[in-house]
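# Summary of structural features
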Amino acid sequence: MTKRSLLTLVRDALRGQRARDRDLRNLVSNLPYEGLERSKQPNRYFQSNGIKTTKYTLLTFVPMNLYEQFHRLANIYFVGLVILNFFPVVNAFQPQVALIPICVILALTALKDAWEDFRRYQSDRKLNNTPCLVYSRREKQFAERCWKDVQVGDFVKVACNEIIPADLLLLHTSDPNGVCHIETANLDGETNLKQRTVVHGVCVTHPEFDPESFNSRVVCEKPNNNLNHFKCYVEKPDEEKVGAGIESLLLRGCTVRNTDHAAGFVVYAGHETKSMLNNSGPRYKRSKLERKLNVDVLFCVILLFAMCLIGSLGHYLWRLSLPDVPPYLVADGNGHLDSPSLSSFYMFFTMIILLQILIPISLYVSIELVKMGQIFFITNDVDLYDEETDSRVQCKALNITEDLGQVEYIFSDKTGTLTENKMLFRRCSIMGTEFPHKENGTSHTQWNCFSSLLIETEVIPDRKLLQQITRGENSSRKTDPYLDFFLALAICNTVVVSMATPKTEDSVIEESHFHPPADKKEGTDAISRHRKCSLHVLSQSDVSAVTSADLRYEAESPDEAALVYAAKAYGFVLLARTPNSVTVRLPSGDELVFEVLDTLTFDSNRKRMSVLVKHPVTKEYVLYTKGADYAIMELLGTPYAGTGKQKNVATDTQHHVDCYAKEGLRTLCFAKKIVSEKMYEDWLVGRQRALAAIDNREELIMETAGQLETNLSLLGATGIEDRLQESVPDTIVALREAGIQVWVLTGDKPETAVNIGYACRLLEEEDLVINMTSNALKLAVGLTCTAILDCTLEEVKRYNDDPRNVDTTQNISVVIDGPTLTMALSPDLRDRFMELARRCRSVLCCRVTPLQKSRVVKLVREKLKVMTLAVGDGANDVNMIQAADIGIGISGQEGMQAVMASDFAISRFKHLKKLLLVHGHWCYTRLANMIIYFFYKNVAYVNLLFWYQFFCGFSGTAMIDYWLMIFFNLFFTSVPPIMFGIMDRDVSAEVLLGVPELYRTGQGKGEYNFLTFWISILDAFYQSLVCFFVPYLVYQGSDVDIFTFGTPLNTSSLFVILLHLSIEIKAWTVVHWVVMLGSVLLYFVVTLAFSAICVTCNPPSNPYWILQSQMADPTFYLICILTTVVALLPRYQNSIAPSPLIHARHLDQKEPSARAQWIQEWRSMRGGGPVRRSRLSPPPSPTSETPVNVSQCKEMLRSGSSAEGGAVCVWLEFILQ
């Protein structure tokens, strides 16, 4: 390579990096440059569509894998000892033999990594060679190419049911309205169809799409991983800019549905596509137990250094005590003998090599195997399987299963998590008149009653409202508020109208990069079920032949579907929707085709959405708006035409909305506005400018939406019921009894949230409920919030200090809304708020944003230093799920984004009870006990070598053959603790569910703490003393050789260690018996074979025929029996104060009926006797205008503390004005 070519490569690389780092990219078509070399291509600096997810190549595998493995300090430690053993002055064993343990561990890990990387390589190769259609200028048609050959600037054609190969800007579809439907299940798990539209006015698409006619320039933002936003504009040759957003982007990995074909311009390819930027791989979290384990490993290192220091000092003193140089101390080649001080220095390192197994090298590998076994049992639990959705629990974070047994705080969403998210239209208010719809769901009025019989498609019309609609149709007025209300229900949404039709089998490419590994099977099954029928989207030509029964509605949220079905029940049938029109059939049978001028989509800041249409009858420009009550009421202006009663209508409607919320219904308000033609034209100019903008595009679009959504005329409101899921109250009560504080974070109104809180038993009638809600934020409210927090904390502390309240159960709950929560989370108030929250049993946060949810979780986790769990079902819960120590997603009605961001996924909230109380407890106790046992086993065994040093001049000599020492840890005692960690059950599932208080044993420090660790270490020291000195005293004064002394010692140590584990095992199975007996049998078979064939294995001493000779001597059996009994004697002693788990194990031994009776007595005993409580007065309405100052708060608290039963009962109403 010449110097000039090298400089050219460097220059091109720098230019390419600058081009990729720019905030905006200018892209042009590749067609004029087809056939030219790569250096002359205009888009050459951007990545091609080939992907590579492998980490290694054949040349780099060994060095890179070793580099990664040496990031684990334990591996560096053992490799360092192996290297140290190669120095003759400090070696304790044959250097080659010392290599075996670490080489086995490194080789097994390398094989696992190689297999995983090979699977990634196969997937990459299959994907890169997948065929697709790319337009060729030479061939004048779309030609078949591989995915890896696609470049930015190419034109790609995708047929129905094909996967999109790159991120395409949609320019043409087979649909005459320019619509393409895609399924995004590979990206976000959602199987409902998404609608994409072409960039209008850019290409002439009739009769055929001609890519060669595209001579515009595409300007788009730098690649990012946001699947919901895309900034772009197309600049035509005349410099006219046409804006485009996510609604015109086909994402790589999505599947085209219900569209014959679509063509687009490649804007992002390969690793720069949004799907690949979201493919971050499996997440890694460190469990609390693992962090504690690392501390204990450090303690073991300190213990090892202390023992080596004792050995070094002992060797020095022993050398000084020798009067002459003994003949067994061999000098070097020059006849020089090291001094006692130098010899003791060398002996320190020799002792490290000899006692190295004090640090358990196989512990980390064993923990990974145990967690894999635990996950297998969790995912195959039939009680965690949901037959309705055909889904089971999914475990995605493989290394935090034990954290499920240590949860102290749970943060839960409400809609779709505690509730079904299957909406039922219950009530509505139109022009201030309320229509209750009593027939709808009359048998399901109780929140804790579960039923899925009634869904959003079943709406029974109200008779009075039907009569009113009939009168409105027969009137001579061009418009009627009742007709407008139902038109708003049918039009103001993004529902896709379709029909169920048969469809042929799909030829689908399975792309593993779009599927998380843990839920691949479930996701594939769900997609296959979805593909059994195709939803044929209706065009205008199909509308006349359609009956209402044939229609299917695809909605992004169940609320929209419920409202459309409600309108359909009253005769307002949504027949078809295109980007430019909406067709509605009226009760009279007439069909109205509304021209859609623009859709102002919903966002979390505006809390509303609007659709601007042109009325086919009146030719007026009409804006229909729906949203939260407070978001609509503040925008009201002119009354509805001809009524003049806007104020009364608004007041009555607000009253109805508040009543709906107190009943736990989800509320929406609907409004209308007539827009003049001039106002629309002026507004359209700013709207198009905002859509074509790149910088601050979202802010500009939101600003234009706000300009139009003013002076609205209120039409009415709706109340939709979202029933509680099955067994939610029982689950929350069980979690509270388990010592877990439950917080619910929801965006609903305070009244709705409180109603749900009582229904699901988050709040109890006898609770002390502190209601911190505000109607509006004004200036100078910070001082009020500070004072209220201070006086509340003072009264709570005073209650705790009162000796009269010793035997009472204080159940404190807090209800707080978003504005107040913002102040409470401020730096000067967060400590006070956390102090109050720490004393609460439950907290209910309403009107909170997704960002506030994550802030609350982070604050509690960091300030209180507790184990947190967040559970949700929607995209707005992702931040909260990722902020918690454990994130759990519920696969509900709002897609799979929460599931894909979570560590575990369940289908029902009730599954959380068994997942935590049973599997969480088992996983934690199993792993904690296994880790403690590992430390005990290694310390007990290595101490045998340590005690021997006192009788061999601290010379680093071992009385057990080193091969047998290696086999002892690798084979003889490795499998039993792994089976113990996977299959042991200290308490049955029935008792754990019946006595949730048992879960508290894992919270806080849990069973694996500083005390239990050092008790096990002391136990190991005691047992090693017994195992060493019983054989020593038996053979004292005899002439047995070193291995004859070490063999019974090694055998009795095996029996003691395995029988110690047998005592720890609480639930014996066939697997335990096979593993235990197999380990003993393996020991004797291997040792007998080794003793028979090993003649010169360990010169000058060899264990030839040692065990055979020992087994012919009765003394050998006497030593083994006596040593085992004496060493394990303390383990048979009953505890003076039995733990709750010991009591629970006694319950397991009783008959089921007797066990149930004992559980009731147990729970009453653990509850601390009878509970003195008082009734709760009904909460005041949050719409009250009466302020509460600090002195009034204190007086209310004091009067509440002297209420009936002596319990504290008060509601604090924060009216912040």
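Residues numbered from 1 in each chain as written. Predicted model: local features only at pLDDT ≥ 70, side-chain atom pairs only at ≥ 80, totals over all residues. Heavy atoms only, no water.

### A look at helix α19 (residues 750–759)
Most of α19 is tucked away, with ten of its ten residues classed as buried. In the stretch just after α19, R761 is the one whose phi turns positive, near 65°. (Buried < 20%, exposed > 50% of the residue type's maximum accessible area, 1.4 Å probe, protein only. Helix = DSSP H or I, 4+ residues; strand = E, 2+ residues; numbered from the N terminus.)

### Description of the packing of aromatic side chains
Throughout the structure, instances matching the rule amount to 57 aromatic pairs. Ring centres of W947 and F950 lie 6.3 Å apart, and the angle between their planes is 35°; this geometry places the pair in the tilted category. On the accessibility criterion, W947 (13% relative accessible area) is buried. When the centroid spacing of 6.1 Å and the interplanar angle of 70° are considered together, the rings of W947 and F1021 count as edge-to-face. Linking W947 in helix α26 (residues 911–949) with F1021 in helix α30 (residues 1010–1035), this pair joins segments that are 74 residues apart in sequence. Taken together, the ring pairs connect W963, F967, F971, F972, F1055, Y1083 and F1084 into an aromatic cluster. The ring of Y1008 carries K292 above its face, with NZ or CZ at 4.8 Å from the centroid. (Phe/Tyr/Trp six-rings, centres within 6.5 Å; stacked < 30°, edge-to-face > 60°. Lys NZ or Arg CZ within 6 Å of the ring centre and 35° of its normal.)

### Focus: the nonpolar core
Ranked by internal contacts, the top residues of the largest apolar core, which has 98 residues, are L293, L355, I931, F935, M959 and Y1008. Among the elements that take part in this core, α26 stands out by supplying 19 residues, more than any other. Three or more residues apiece are contributed to this core by two domains, here domain 2 (61–126) and domain 5 (918–1149). When sequence neighbours within four positions are dropped, the list of residues in contact with L293 reads L363, Y364, I367, I931, F935 and Y1008. Within the second largest apolar cluster, 72 residues are counted, among which are Y570, M633, V649 and A717. (Core = buried A, V, L, I, M, F, W, Y, C linked by side-chain atoms within 4.5 Å. Domains from an automatic or database assignment. Contact = heavy atoms within 4.5 Å.)

### A short note on the sheet that holds strand β14 (residues 394–395)
Read from one edge of the open sheet, nine strands run β14-β34-β33-β32-β15-β28-β31-β30-β29, paired in mixed fashion. Single-partner strands in this sheet number two, and they are β14 and β29 (768–772). Relative to strand β34 (residues 904–906), β14 is paired through two bridges, and the arrangement is antiparallel. Bridge pairing in β34 links C395 to F904. Where helix α22 (residues 830–838) meets the sheet, it contacts β15 (409–412), β28 (741–745), β29 and β30 (812–817), and its direction lies at approximately 125° from that of β28. (Pairing = 2+ DSSP bridges. Axes fitted to C-alpha atoms, helices over the stretch in contact; angles between N-to-C directions.)

### What to know about the environment of N258
Within the secondary structure layout, N258 lies in the loop between β12 (255–257) and β13 (261–268). Looking at N258, the relative accessible area reads 24%, which means it is partly exposed. For the pair formed by N258 and D175, sequence separation is 83 residues and the distance between their alpha carbons is 9.5 Å.

### Some details on the confidence of the model for the chain
Overall, the predicted model of the chain reaches an average pLDDT of 81, with 84% of residues at or above 70. When pLDDT is averaged over each element of the chain, strand β4 (residues 155–159) comes out on top at 95 and helix α12 (residues 520–530) at the bottom at 38. Taken together, the stretch residues 775–782 has pLDDT below 50 and engages in 13 contacts with residues farther than four places along the chain or on a different chain. The model gives residues 1167–1217 a pLDDT under 50, and that stretch makes 115 contacts with residues more than four places away or in other chains. (pLDDT = per-residue confidence, 0-100.)

### Side note on the packing of α26 against helix α28 (residues 975–983)
At their nearest, the axes of α26 and α28 sit 8 Å apart, and the two run at 160° to each other. Viewed along their axes, α26 and α28 adopt a mutual orientation that is roughly antiparallel. Between α26 and α28 lies a crossing of right-handed hand. Two secondary-structure elements touch here, α26 through R926, N929, M930, Y933 and F934 and α28 through P977, I978, F980, G981, I982 and M983. (Parallel < 35°, antiparallel > 145°, perpendicular 65-115°, else oblique. Left-handed = near helix turned anticlockwise from the far one by under 90°.)

### Considering the pattern of salt bridges
The tally for this structure, following the rule as stated, stands at 42 salt bridges. Here D383 makes a salt bridge to K914, at a shortest N to O gap of 2.6 Å. Taken together, the residues D383 in the loop between α9 (363–379) and β14 and K914 in helix α26 connect sequence positions 531 residues apart. According to the relative accessible area criterion, D383 is partly exposed, its value standing at 47%. Since its relative accessible area comes to 14%, K914 is described here as buried. (Salt bridge = Lys/Arg side-chain N within 4 Å of Asp/Glu carboxyl O.)

### Things to note about a positive patch on the surface
Side chains of R11, R15, R18 and R22 sit close together on the surface and give a patch of like positive charge. Along the polypeptide, R18 turns up in helix α1 (residues 3–21). Residue classification places R18 among the partly exposed positions, given a relative accessible area of 48%. (Patch = residues over 30% accessible without salt bridge, like charges linked within 9 Å, V, L, I, M, F, W, Y side chains within 5 Å. Areas by Shrake-Rupley, 256 points an atom, 1.4 Å probe, with all protein chains shown as cover. Lys, Arg positive; Asp, Glu negative; His and termini not counted. Charge placed at Lys NZ, Arg CZ, Asp CG, Glu CD.)

### Examining the pairing of strand β7 (residues 193–197)
Strand residues, when the strand is regular, have side chains that alternate between the two faces of the sheet. Burial analysis of β7 places four of its five residues in the buried class, the great majority of the element. Note that strand β6 (residues 179–183) and β7 share five bridges and pair antiparallel. Within the sheet, the bridge partner assigned to E183 lies in β7 and is L193.

### Quick look at the packing of α9 against α26
Two measures define how a pair of helices packs: the angle their axes make with one another and the distance between the axes. Running from amino to carboxyl end, α9 crosses α26 at an angle of 160°, the nearest separation of the two axes being 11 Å. The pairing of α9 with α26 is recorded here as roughly antiparallel in orientation. Once α9 is placed against α26, the crossing between them reads as right-handed. Between α9, through L363, S366, I367, V370, K371, Q374, F377 and I378, and α26, the contact on the second element is made entirely by L915, H919, C923, R926, L927, M930, I931, F934 and F935. Grouping the amino acids of the contact of α9 with α26 by side-chain chemistry returns twelve nonpolar, three polar and two charged. (Nonpolar A, V, L, I, M, F, W, Y, C, P; charged D, E, K, R; others polar.)

### Quick word on helix α35 (residues 1140–1148)
Where α35 is concerned, the buried positions are L1141, A1144 and L1147. On an axial view of α35, the arc spanned by its buried residues comes to 105°, and they lie on one face. (Arc of directions from axis to C-beta.)

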